[in-house]
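# Fold and geometry: a report
Below are the chains, spelled out letter by letter.
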Amino acid sequence: MISWVCGSLFTLFSLLYLFVMQADLLATAQHLLSKGQTVYSPLWGTVIITLLLLLLQGVFRRIMVYPLRFHALYYFPSCVVLGLLTSIVPQTGWNVQLSTNWIWLTVCIFLYILVTWMALHFPDRKNGKQNAFSFLWVNFLWLALQFCMVNSIANTKDVYHYRLKAGEIPRRRAGLVGVASRSQIIADRPEPDCHESVCTKP
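Not measured: the values here are computed from a predicted model.

### Looking at the overall build of the protein
A tally of regular secondary structure across the protein gives nine helices and four strands. Traced from its N-terminal end to its C-terminal end, the protein shows the element sequence α-α-α-α-β-β-α-α-α-α-α-β-β. Out of the 202 residues belonging to the protein, those deemed buried represent 42%.

### Things to note about the packing of helix α1 (residues 2–21) against helix α4 (residues 76–85)
In the contact formed by α1 and α4, the axes pass within 12 Å of each other and the chain directions differ by 0°. Considered as vectors, α1 and α4 are oriented roughly parallel to each other. Contact residues: Phe10, Phe13, Tyr17 and Leu18 in α1; Ser78, Cys79 and Leu82 in α4. Its residues assigned to classes, the contact of α1 with α4 shows six nonpolar, one polar and no charged.

### Section: the nonpolar core
Membership of the largest hydrophobic core comes to 44 residues, with the highest contact counts inside it found for Tyr66, Phe70, Leu73 and Trp142. Elements with a minimum of two residues in this core: α1, α2 (23–33), α3 (42–63), α4, β1 (88–91), α5 (102–121), α6 (132–153) and α7 (158–166). With residues near it in sequence (within four places) discarded, tryptophan 142 still touches Arg69, Phe70, Ala72, Leu73 and Val115.

### Examining the packing of aromatic side chains
What the rule picks out here adds up to six aromatic pairs. Measuring from ring centre to ring centre gives 5.0 Å for phenylalanine 10 and tyrosine 75, while their planes differ by 35°; the resulting arrangement is tilted. Here phenylalanine 10, found in helix α1, pairs with tyrosine 75, found in the loop between α3 and α4; they are 65 residues apart in sequence, far enough to count as distant. Across this residue pair, the class does not change: phenylalanine 10 and tyrosine 75 are buried. With a centroid separation of 4.0 Å and an interplanar angle of 10°, the aromatic rings of phenylalanine 13 and phenylalanine 147 are classed as stacked. In this pair, phenylalanine 13 is assigned in helix α1 and phenylalanine 147 in helix α6, connecting sequence segments 134 residues apart. Judged by relative accessible area, phenylalanine 147 falls into the buried class, the value being 16%. Every member of this aromatic cluster is reached through a ring pair, and the members are Phe13, Tyr17 and Phe147.

### Some details on the confidence of the model for the protein
Chain-level pLDDT for the protein is 78 on average; 75% of the residues reach the 70-or-more range. In the model of the protein, helix α9 (residues 183–187) stands out as the element of lowest mean pLDDT, 36, in contrast to α3, which has the highest, 94. Predicted confidence for residues 171–192 stays below pLDDT 50, and this span has 47 contacts to residues more than four positions away or in other chains.

### Topic: the environment of leucine 84
Mapped onto the fold, leucine 84 is located in helix α4. Apart from residues lying up to four places away in sequence, leucine 84 is in contact with Leu98, Thr100, Trp102, Leu105 and Ile153.

### A look at the packing of α1 against α3
It is at 9 Å that the axes of α1 and α3 come closest, and there the two elements cross at 145°. You can see that α1 and α3 cross each other, and the crossing is right-handed. Contacts from Ser3, Phe10, Thr11, Ser14, Leu15, Leu18 and Phe19 of α1 reach α3 at Pro42, Leu43, Thr46, Ile49, Thr50, Leu53, Leu54 and Arg61. For the contact of α1 with α3, the residue count by class is nine nonpolar, five polar and one charged.

### Focus on the environment of leucine 9
Within the secondary structure layout, leucine 9 lies in helix α1. The class of leucine 9 is partly exposed, set by a relative accessible area of 33%. Placed 131 residues apart in sequence, leucine 9 and phenylalanine 140 show a C-alpha to C-alpha distance of 9.0 Å. With residues near it in sequence (within four places) discarded, leucine 9 still touches Phe140, Leu143 and Phe147.

### Focus on α4
Along an α-helix, residues three or four positions apart point the same way, because every turn accommodates 3.6 residues. Burial runs high along α4: seven of the ten residues are buried. Residues of α4 that are buried: Phe76, Pro77, Ser78, Cys79, Val80, Leu82 and Gly83.

Conventions and cut-offs
- Numbers given to residues run from 1 along each chain, matching the order in which its sequence is written.
- Where local features are concerned, this predicted model is filtered to residues with pLDDT of at least 70; where side-chain atom pairs are given and counted, the filter is 80 or more; whole-chain, interface and lining totals use all residues.
- Side-chain metrics in this entry use all non-hydrogen atoms of the structure; hydrogen atoms and water are not considered.
- Secondary structure elements follow DSSP: runs of H or I no shorter than four residues count as helices, runs of E no shorter than two count as strands, and numbering proceeds from the N terminus.
- The buried label goes to any residue with under 20% of its type's maximum accessible area, the exposed label to any with over 50%, and the partly exposed label to all in between, with areas taken from a 1.4 Å probe on protein chains only.
- Structural elements are reduced to axes, namely lines fitted to C-alpha atoms, with helices fitted over the stretch in contact, and the angle between N-to-C directions of any two is expressed from 0 to 180 degrees.
- For classification, angles of less than 35 degrees are called roughly parallel, those exceeding 145 degrees roughly antiparallel, those between 65 and 115 degrees roughly perpendicular, and all remaining angles oblique.
- Contact definition: two residues touch when any of their heavy atoms are within 4.5 Å.
- Any residue that is not Ala, Val, Leu, Ile, Met, Phe, Trp, Tyr, Cys, Pro, Asp, Glu, Lys or Arg is counted as polar, Gly included; the first ten are nonpolar and the last four charged.
- Side-chain atoms within 4.5 Å are what join buried Ala, Val, Leu, Ile, Met, Phe, Trp, Tyr and Cys residues into a set we call a nonpolar core.
- Working definition: a ring pair exists when centres of Phe, Tyr or Trp rings (six-membered ring for Trp) sit within 6.5 Å. Plane angles under 30 degrees give stacked, over 60 give edge-to-face, the rest tilted.
- A residue's pLDDT is the confidence the predictor assigns to it, expressed on a 0 to 100 scale.
- Left-handed is the label given to a crossing in which the near helix is rotated counterclockwise from the far helix by less than a right angle, and right-handed is the label when the rotation is clockwise.

See below:
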C-alpha cells in the first residue's frame, strides 16, 4: 500500500508540476535546442517525462532496499532529475543553461546520503504492533521534503514565467516571438519600427 500511495502522489505532483507550472519553460527550451525545428506538446511531454521518472524510480528500487518508513526515498533520483530538467534558462542565440544552485543541490544530496545511512542501519522494528499505516505519515514527510527540493533547484521565478508566457524572453534572447502553439501566430505579426523613443507600426 505504501508503494501505491507514494507512486500516486509522485505521479500527481509530476503531472501538475510539468503541465501547469513548467510547460512554457520546456516549450521554450525545446524550441531553442531544436533551432525551431520541433514544437513541444505540453500534454505528451508531461506524460512521457513522468513515465521516464517512474521508470528511473523502478530501476533505483532494484538497486537499493529501503525499510517501509523510508520508502519515499526511492523517488529522490527522479526528483533531482525533475528539478534539473526544469532549471533551464534560455540564453543568447539558440542556447540554454541550468540555473541550479549547485551548492544547495550538493547539500540535498549529502542529506540524502545521511538519511540513507540511517535507513540502512536502523531497519523497521518487527514487533508485530506496527503496520503499513503507521509508516504513511513518515513517507508523506519524505515526499514533501523532496517536492520542496524540486521547487528549490528548479526555475520557479514568477516574473520569469510570466515573461515566458508573454513571449518576451524568446523574442529578446533567441529571435523568437512565442513558444509552442503560439509561436507561429505571433511570428506572423510585423514588429514595430522603433527609433529612440518613438515607435511606428507598419
